[in-house]
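Observations on the model geometry
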Amino acid sequence: MIEAFLPILTVVGYALLVLVPLLLAVAYLTYAERKVIAAMQLRIGPNVVGWFGLLQPFADGLKLLHKETIIPSRSNSIIFLLAPLLTFGLSLSAWAVIPFGPDLVIGNINVGVLYLFAISSLGVYGIIIAGWASNSRYAFLGALRSAAQMISYEVSIGLVIIAILLSVGSLNLMQIVEAQQTVWFVIPHLPIAIIFMVSALAETNRAPFDLPEAEAELVSGYNVEYSSMTFALFFLGEYANMILMSAMGSILFLGGWLPPFHIIPFTWVPGIVWFALKISLLLFIFVWVRATLPRYRYDQLMRLGWKVFLPFSLIWVVLTAAVLMGLHLLPGQ
């Protein structure tokens with residue numbers, strides 16, 4: 001009887017091995033962000049709860065857990081509560097195909113890139129549902145802004161990924177990493193690597209593209225009516241998406257778990273450590289940008305996405321295909 005459930009128990013075990021460290025990473029990303037921004041602004045940051053403030057994320061979580069969940073009387077209560085669950089669940093489910101090492105992946109599917117792109121696209125629905133179910137003008141305007149922003153920059157991210165797929169000839173994330181053993185793709189594809197990182201900022205609604213949460217116009221955007229753990233799930237989903245985008249950037253451009261140089265002093269370090277270090281580097285860029293740059297206007301945001309990034313990334317796809325065809329490196333040639 002137990003043997004019939006062993007495959008299910010194995011998958012659940014693998015999922016917990018990924019989700020538990022991920023949730024801890026999300027919690028301590030909030031702490032790291034506050035510490036880094038405090039250092040950049042010559043402040044101290046969290047330093048009271050625990051040694052060097054290391055227990056601050058748990059204190060924040062307990063505070064949100066003990067607060068009352070307020071459901072607006074004119075809202076659609078069932079959908080109102082489902083929206084943050086959908087957003088948070090999608091941000092976790094994408095990790096099923098992320099490879100942490102040569103054999104460290106829950107689902108090594110041949111269309112891993114398509115799976116990631118589909119999951120990131122579905123994230124728009126959670127935000128739209130939250131803004132509509134709240135029955136608030138500010139929340140609905142924030143949701144429309146966020147949906148337009150995410151869809152606009154998903155187009156650029158899709159074209160960037162197509163250029164990488166042309167270079168590899170596969171949709172498998174493991175093969176994308178293994179194709180970078182000689183040279184990381186950030187070197188030949190540096191312009192679209194920059195486009196990917198800027199688009200990732202817009203896709204995750206992070207500064208300087210945090211227009212859906214513009215306090216001056218929209219109070220707090222699509223999550224203005226949320227409180228307690230429903231608000232926390234949106235908050236955690238945003239930070240989980242930041243880590244996911246950093247992982248995608250590491251896989252597509254920085255060689256995933258591969259060390260920077262194939263020489264003896266670096267080869268003994270486990271691949272998962274290199275992968276974590278690269279994700280941390282890209283997350284530092286997220287925080288650095290938030291502490292440095294002012295917020296864009298909405299027309300500037302849309303102009304950058306549709307009139308700059310979209311044409312450039314499309315031209316880059318054509319150039320990549322032309323170069324690979326000229327060198328007879330395209331699959332099937």
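In what follows, the structure referred to is the one given above.
Basis of the calculations
Residues numbered from 1 in each chain as written. Predicted model: local features only at pLDDT ≥ 70, side-chain atom pairs only at ≥ 80, totals over all residues. Heavy atoms only, no water. 1 Å grid on protein atoms, 1.4 Å probe; cavity = no way out; pocket = protein on both sides within 12 Å on 5 of 7 lines; lining within 4 Å. Points joined across faces, edges and corners; volume = space filled by probe spheres on them. Helix = DSSP H or I, 4+ residues; strand = E, 2+ residues; numbered from the N terminus. Nonpolar A, V, L, I, M, F, W, Y, C, P; charged D, E, K, R; others polar. Phe/Tyr/Trp six-rings, centres within 6.5 Å; stacked < 30°, edge-to-face > 60°. Buried < 20%, exposed > 50% of the residue type's maximum accessible area, 1.4 Å probe, protein only.

Right, let's get into the layout of surface pockets. Here the largest pocket defines a volume of roughly 960 Å³. The wall of the largest pocket is formed by 35 residues, among which T30, F231, F235, L236 and Y239 lie closest to the centre. Put simply, the second largest pocket is a space of about 650 Å³. Forming the walls of the second largest pocket are 26 residues, and the residues nearest its centre are V18, P21, W95, F100 and I272. Going through the elements one at a time, α1 (2-40) and α11 (271-292) are the ones with two or more residues in the lining of the second largest pocket. No other element matches α1, which puts 11 residues into the lining of the second largest pocket. For the lining of the second largest pocket, a count of residues per class yields 23 nonpolar, 1 polar and 2 charged.

On inspection of all chains with the given rule, the structure shows 16 aromatic pairs. A centroid spacing of 5.7 Å and a plane angle of 55° characterise the contact between F196 and F253, whose relative ring orientation is tilted. Taken together, the positions of F196 in helix α7 (residues 190-203) and F253 in helix α9 (residues 228-253) put the pair 57 residues apart, joining distant regions of the chain. Looking at F196, the relative accessible area reads 1%, which means it is buried. Measuring from centroid to centroid gives 5.0 Å for Y226 and F234, while their planes differ by 80°, and the two rings are edge-to-face. By the ring-pair criterion, three or more aromatic residues cluster together here, those being F80, Y222, Y226 and F234.

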